[in-house]
There are 2 protein chains.
Amino acid sequence: MRLMLTSLGLIALALPLQADPLPSWEESASKAAILDFVAAVTDPASPDFVPEDERIAVFDNDGTLWAEQPVYFQLLYALDRLREKAEADPSILTSDALRAGAAGDLGALMAGGMPALIEVVMASHADVTAAAFEADVAAWVGSATHPTTGLTYEQMVYQPMTELLRYLRDEGFSTWIVSGGGQHFVRALAEDAYGIPPEQVVGTMGETEYRVIDGVGQIVKLPDVAFIDDKGGKPLGIDRNIGRRPIMAFGNSDGDYEMLEYVTTGEGPGLGVILHHTDAVREWAYDRESHVGKLVRGLDDAEAQGWVVIDMAADWETVFAEVDGG
Amino acid sequence: MRLMLTSLGLIALALPLQADPLPSWEESASKAAILDFVAAVTDPASPDFVPEDERIAVFDNDGTLWAEQPVYFQLLYALDRLREKAEADPSILTSDALRAGAAGDLGALMAGGMPALIEVVMASHADVTAAAFEADVAAWVGSATHPTTGLTYEQMVYQPMTELLRYLRDEGFSTWIVSGGGQHFVRALAEDAYGIPPEQVVGTMGETEYRVIDGVGQIVKLPDVAFIDDKGGKPLGIDRNIGRRPIMAFGNSDGDYEMLEYVTTGEGPGLGVILHHTDAVREWAYDRESHVGKLVRGLDDAEAQGWVVIDMAADWETVFAEVDGG
């Protein structure tokens, strides 16, 4: 690396320090609360100073880092793959849930509740190596398009949140995803979309099996759920994969309630932030009545808990990331 | 931090680059194999070059980073705590295994096999917060003494391995523990003993529960096993907590076989290393017939698999770490 010590070089180096680290955020109370918290925990002279290795920030994924309507994107992936499999071999459609899924009938599928959804997801996710599965998901995320926006899923990542992730890492934080979605699914996109490496993705885990295939040891996905990383499971997932209490947590639904509570009730500083989907024009507006990302307790308790609520419509200047090919 | 740019300061800074990074290792074939591998994967001009974020090294703990005779130290911890609890309330000794454990009768306890051991461990490990448990283990590791050596457990860490861990981190590796021992137990000592943070400790996991106690969200340990990180479970634990294939693996027993196989059968470079306990004078000599750290397949297959075998008696100049208070 070449050091530029000319005066021009020095100016170029100094500029980023003065620039707004969150340009897609309006000058709102939520932005100020985040910046103030980061300033306090990174200032060695502050009573709230936190050393770098304890600066851990955790993020829900669906509805917090990217969109989640009309249903979780992982389900849309599963439906795409189920339809392809059924075209090749219709005899795999052995239940109402699988037939509804292959027909793209979301209404009939949702009527079957969580068991129907799990059946569809497992049909498309199992009996494949983790490596092959992740490669397939990564290809889908960058090429398949969303049913109503027409954007690729990669383009439905929130620009303000990718700025926030980068800003926190610049300030010495490690940034983790703690998602109710499948761990392998989220890993397949986390590095490209968010700059988050595989080891910093916690999620719902399927059972797996170690198998030597053609002389190579492989992780094979099985059609059973091993650990559900949602609600009270999120602090447990944090304990399994991180092993200490984070100091910042970002979520958008009641599935994140316990994670925010865990992060903000420990000793020392802790900030909990809820993204409230209020933007029916640029994204979606939903909370108490939504079948995905339902948010009731979080809204009711945010003030008493001291949690920050982001009003998407008012607080974000930009919503979706600008990605090449959009 | 004050920068020393005097000529003396520069010499002091330059020296470590030339010094032997593994001074407690004899100039053996195993040392050369490790140094050669690290040189190849860190040299940008080498065909085997591996970028820093993929330089992942995994280590078994018991018998690889510290001793494991006459039984795993976690069991000795459990027995200490069980005895104390039984002194306060003898009515807790409701089974032969618990009575044998409280009496320190290892023979009778081992005769009960794995169920007896798990019963004793669970009796001392459950219904406590993870934070309180880890604090208690940390205190025990630094103060309790081993039944035959009289050393504290902290003093029974292998000096050559702590040098190796430091060396690998200096070379851009992340160093992980992948242990059959309990994840919370190993975390309690990993940072002090090995410089390994909690998030880089994978181990056998007990069931846990999220509970709000006196207004604070806590992880509570329950008396059931959730995941056994041993044998074929080690690659699965690596997948859950790391999410990519490591390039170096160190173990000492057949419980590490699949982990070494997983690491050395992938695409690209991979090095598997077995520590063979051959030193009855300074440590212990055991392999095929031992009730802990049994090593049969590893010895039989090492040559065919291309794994390096460390001969402790011949290859290590020093065995145990020198820790203050020894």
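Residues numbered from 1 in each chain as written. Chains lettered and ligands numbered in written order. Predicted model: local features only at pLDDT ≥ 70, side-chain atom pairs only at ≥ 80, totals over all residues. Heavy atoms only, no water.

Trainee: Please explain the overall build of chain A as it appears in this structure.
Mentor: Check the secondary structure of chain A and you find 13 helices and eight strands. Taking 326 residues into account, the globule formula puts the C-alpha radius of gyration at 20 Å, and chain A, at 21 Å, falls close to it. Here the C-alpha coordinates of chain A stretch approximately 70 × 50 × 40 Å along the principal axes. Buried positions account for 54% of the 326 residues belonging to chain A. Across chain A, the fraction of contacts at a sequence separation of at least 24, relative to all contacts at a separation of at least 6, is 66%. Carbon together with sulfur atoms contributes 54% to the accessible area of chain A, which is approximately 14000 Å² in total. Side-chain charges of chain A comprise 21 positive and 53 negative groups, with the mean position of each set lying 3 Å from the other. (Helix = DSSP H or I, 4+ residues; strand = E, 2+ residues; numbered from the N terminus. Rg over C-alpha atoms; globule rule 2.2 N^0.38 Å. Buried < 20%, exposed > 50% of the residue type's maximum accessible area, 1.4 Å probe, protein only. Contact = heavy atoms within 4.5 Å. Areas by Shrake-Rupley, 256 points an atom, 1.4 Å probe, with all protein chains shown as cover. Lys, Arg positive; Asp, Glu negative; His and termini not counted. Charge placed at Lys NZ, Arg CZ, Asp CG, Glu CD.)

Trainee: How should the pairing of strand β5 (residues 248-251) of chain B be read in this particular structure?
Mentor: In regular strands, side chains alternate between the two faces of the sheet. All names here are of chain B. Of the two faces of β5, the one holding Met 248 and Phe 250 and the one holding Ala 249 and Gly 251 are both buried throughout. In this structure, strand β1 (residues 56-59) lies alongside β5, joined through three bridges in parallel fashion. Bridge pairing in β5 links Phe 59 to Phe 250. Across four bridges, the pairing between β5 and strand β6 (residues 271-278) is parallel. From the neighbouring strand, Ala 249 faces β6, where its bridge partner is Gly 272. Note that the unit made of β5, helix α11 (residues 257-264) and β6 has a crossover that is right-handed. (Pairing = 2+ DSSP bridges. Right-handed = clockwise from strand over helix to strand, strands pointing away.)

Trainee: Which parts of the structure should I look at to understand the relation of the copies chain A and chain B?
Mentor: To go from the first copy of the chain to the second, apply a rotation about an axis and then a shift along the same axis. When chain A is fitted to chain B, the best match, at an RMSD of 0.0 Å, comes from turning it 180° and sliding it 0.0 Å along the axis. The superposition operator between the copies reduces to a two-fold rotation axis. Residue Asn 241 of chain A of chain A places its C-alpha closer to the rotation axis than any other residue of that unit, at 2.9 Å. A share of 100% of the interface residues of chain A reappears at the interface of chain B, consistent with the copies meeting face to face through the same patch. (Least-squares fit on C-alpha atoms with pLDDT ≥ 70 in both.)

Trainee: Would you mind going over the packing of aromatic side chains with me for this structure?
Mentor: The description of two aromatic rings rests on the distance between their centres and on the angle between their planes. Residue and element names in this part refer to chain A. Taken as a whole and assessed by the stated rule, the structure comprises 26 aromatic pairs over all chains. Taken together, a centroid distance of 6.1 Å and an interplanar angle of 20° make the contact between Tyr 158 and Phe 320 stacked. Taken as a pair, Tyr 158 in the loop between α7 (130-143) and α8 (159-170) and Phe 320 in the segment after α13 (312-315) lie far apart in primary sequence, 162 residues in all. For Phe 320, a relative accessible area of 15% gives the class buried. A connected cluster of aromatic rings, assembled from ring pairs, spans Trp 66, Phe 73, Tyr 77, Phe 133, Trp 140, Tyr 153 and Phe 185. Here the basic side chain of Lys 221 rests over the ring of Phe 133, its NZ or CZ set 4.7 Å away from the ring centre. We note Arg 297 situated over the ring of Tyr 257; from NZ or CZ to the ring centre the distance is 3.8 Å. (Phe/Tyr/Trp six-rings, centres within 6.5 Å; stacked < 30°, edge-to-face > 60°. Lys NZ or Arg CZ within 6 Å of the ring centre and 35° of its normal.)

Trainee: Help me out: how do you make sense of the pairing of strand β4 (residues 216-227) of chain A in this one?
Mentor: Residues and elements named next belong to chain A. By the bridge criterion, eight bridges tie strand β3 (residues 201-213) to β4 in an arrangement that is antiparallel. Looking at β4, one finds that Ile 213 is bridged to Val 216. With antiparallel pairing between neighbouring strands as the criterion, β3 and β4 make up a hairpin whose turn holds two residues, including Asp 214 at a positive phi of roughly 50°.

Trainee: What is the right way to look at helix α10 (residues 233-241) of chain A in this model?
Mentor: Along an α-helix, a turn takes 3.6 residues, which lines up residues three or four apart on a common side. Here α10 of chain A lies mainly inside the structure; nine of its nine residues are buried. Looking only at α10 of chain A, the buried set comprises Gly 233, Lys 234, Pro 235, Leu 236, Gly 237, Ile 238, Asp 239, Arg 240 and Asn 241 of chain A.

Trainee: When you look at the environment of Ser 290 of chain B in this model, what are you seeing that I'm missing?
Mentor: Residue and element names in this part refer to chain B. With respect to the secondary-structure elements, Ser 290 resides in the loop between β7 (285-286) and α12 (297-305). For Ser 290, a relative accessible area of 10% corresponds to the buried category. A distance of 2.4 Å separates a polar side-chain atom of Ser 290 from the backbone oxygen of Val 292. (Polar contact = N/O pair within 3.5 Å; in protein donor to acceptor, adjacent residues only side chain to side chain.)

Trainee: Help me out: how do you make sense of the side chain of Glu 68 of chain A in this one?
Mentor: Residues and elements named next belong to chain A. Note that Glu 68 resides in the loop between β1 (56-59) and α3 (73-88). Buried and unpaired, Glu 68 has Lys 234 as its nearest opposite-charge partner, separated by 8.9 Å. Side chain to side chain, Glu 68 and Asn 252 meet in a polar contact 2.8 Å long. In this structure the side chain of Glu 68 is engaged in a polar contact, spanning 2.6 Å, whose partner is the side chain of Tyr 286. Setting aside residues up to four positions removed in sequence, Glu 68 forms contacts with Asp 62, Gly 63, Phe 73, Asn 252, His 277, Tyr 286, Val 292 and Gly 293. (Salt bridge = Lys/Arg side-chain N within 4 Å of Asp/Glu carboxyl O.)

Trainee: Is there a simple way to think about helix α11 (residues 257-264) of chain A in this case?
Mentor: Most of α11 of chain A sits inside the fold, with seven of its eight residues counted as buried. For α11 of chain A, the set of buried residues is Tyr 257, Glu 258, Met 259, Leu 260, Glu 261, Tyr 262 and Val 263 of chain A.

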